[in-house]
Amino acid sequence: MSTAVGGHSLDLSCPPDDVTAVHTFLEHVWGTEPTVSAEDRMALELALVELASNVIEHGADGAGVSCTLRLDVGADAVEANLVDDGVPVPVDPSAARLPDALAESGRGLALVQMVVDDLHYERVGDHNRWTVRRGRH
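Below: a short report on this structure.

Reading the values: the criteria
- Residues numbered from 1 in each chain as written.
- Predicted model: local features only at pLDDT ≥ 70, side-chain atom pairs only at ≥ 80, totals over all residues.
- Heavy atoms only, no water.
- Helix = DSSP H or I, 4+ residues; strand = E, 2+ residues; numbered from the N terminus.
- Buried < 20%, exposed > 50% of the residue type's maximum accessible area, 1.4 Å probe, protein only.
- Contact = heavy atoms within 4.5 Å.
- Areas by Shrake-Rupley, 256 points an atom, 1.4 Å probe, with all protein chains shown as cover.
- Phe/Tyr/Trp six-rings, centres within 6.5 Å; stacked < 30°, edge-to-face > 60°.
- Expected span 1.5 Å × (residues − 1).
- Axes fitted to C-alpha atoms, helices over the stretch in contact; angles between N-to-C directions.
- Parallel < 35°, antiparallel > 145°, perpendicular 65-115°, else oblique.
- Left-handed = near helix turned anticlockwise from the far one by under 90°.
- Nonpolar A, V, L, I, M, F, W, Y, C, P; charged D, E, K, R; others polar.
- Salt bridge = Lys/Arg side-chain N within 4 Å of Asp/Glu carboxyl O.
- Disulfide = S-S within 2.5 Å.

### Some remarks on the overall build of the protein chain
A tally of helices and strands in the protein chain yields three helices and six strands. Shown N-terminal to C-terminal, the secondary structure of the protein chain runs as helices and strands in the order β-β-α-α-β-β-α-β-β. Burial statistics for the protein chain: of 137 residues in total, 39% are counted as buried. The contacts in the protein chain between residues at least 6 apart in sequence include a share of 59% that link residues at least 24 apart. Accessible surface, the protein chain as shown: approximately 7,300 Å² in total, 53% of it carbon and sulfur.

### Some thoughts on the packing of aromatic side chains
With the rule as written, the count across this model stands at one aromatic pair. On the basis of an interplanar angle of 45 degrees and a centroid distance of 4.6 Å, the ring pair of Tyr 121 and Trp 130 is categorised as tilted. For the pair shown, Tyr 121 and Trp 130 are each scored as buried.

### Things to note about helix α2 (residues 38–58)
Taking 1.5 Å per residue, 21 residues should reach 30 Å; α2 reaches 30 Å between its end C-alpha atoms and fits that length. Listed as buried for α2 are Asp 40, Ala 43, Leu 44, Ala 47, Leu 48, Val 49, Leu 51, Ala 52 and Val 55.

### Focus on unusual backbone geometry
The omega torsion of the bond from Cys 14 to Pro 15 falls at -10 degrees, within 30 degrees of zero and hence cis. With respect to the helices, strands and loops of the structure, Pro 15 is situated in the loop between β2 (7–14) and α1 (19–32). Residue Pro 16 is bonded to the preceding Pro 15 through a cis peptide linkage, with omega at 15 degrees. Inspection of the secondary structure puts Pro 16 in the loop between β2 and α1.

### Looking at the packing of α1 against α2
Here α1 crosses α2 at 150 degrees, and the two axes come no closer than 9 Å. On the basis of their axis angle, the class for α1 and α2 is roughly antiparallel. In this structure, α1 meets α2 at a crossing whose hand is right-handed. Note on element contacts: α2 touches α1 through Arg 41, Leu 44, Glu 45, Leu 48, Val 49, Ala 52, Ser 53 and Ile 56, opposite Val 19, Val 22, His 23, Leu 26 and Trp 30. The residue makeup of the contact of α1 with α2, split by class, is nine nonpolar, two polar and two charged.

### Topic: the pattern of salt bridges
This model, assessed by the stated rule, comprises four salt bridges. The partner of Glu 39 in a salt bridge is Arg 134, and the shortest N-O contact between them spans 3.3 Å. Of this pair, Glu 39 sits in helix α2 while Arg 134 sits in strand β6 (residues 127–135), and the two are 95 residues apart along the sequence. Residue classification places Glu 39 among the partly exposed positions, given a relative accessible area of 45%. On the basis of relative accessibility, which here comes to 7%, the residue Arg 134 falls in the buried class.

### Comments concerning the state of the cysteines
Inspection of the entire model under this criterion finds zero disulfides. Free cysteine Cys 14: the closest other cysteine sulfur is in Cys 67, separated by 5.0 Å. Relative accessible area serves as the criterion here: at 4%, Cys 14 is assigned to the buried category. In this structure Cys 67 comes out as buried when scored by relative accessible area, which is 5%.

### Notes on the environment of Gln 113
Along the chain, the position of Gln 113 falls in helix α3 (residues 108–115). As a C-alpha pair, Gln 113 and Ala 47 span 66 residues in sequence and 8.0 Å in three-dimensional space.

What follows is the structure in structure tokens.
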């Protein structure tokens, strides 16, 4: 875990790391960024844990996956970038929809979309890059 002026970052190697590391990281960030509202904290935690869970579950392709989570807290918005070395993702986040109530999976990206202002995915070289942005409330 590291902190730079205006930004915080976490490097994960899964396994052994898992989403618990994201929760711990965010707890640290919120401790150093007391002006971020409780509403924004909850929304961002939901979004980042869902994204990290998806990367860990689907990006590893039976092996491991390494990723870096960077969180930049600005005066008007919080932006997070999650970059991983997992397999390419054949999904368009803007098309994510909640599945029917009995579905056992498929909610992650739709939930993220519900709590952030922007969700973007791109493949850059051999890495996936997820970007989420939420205006501060």
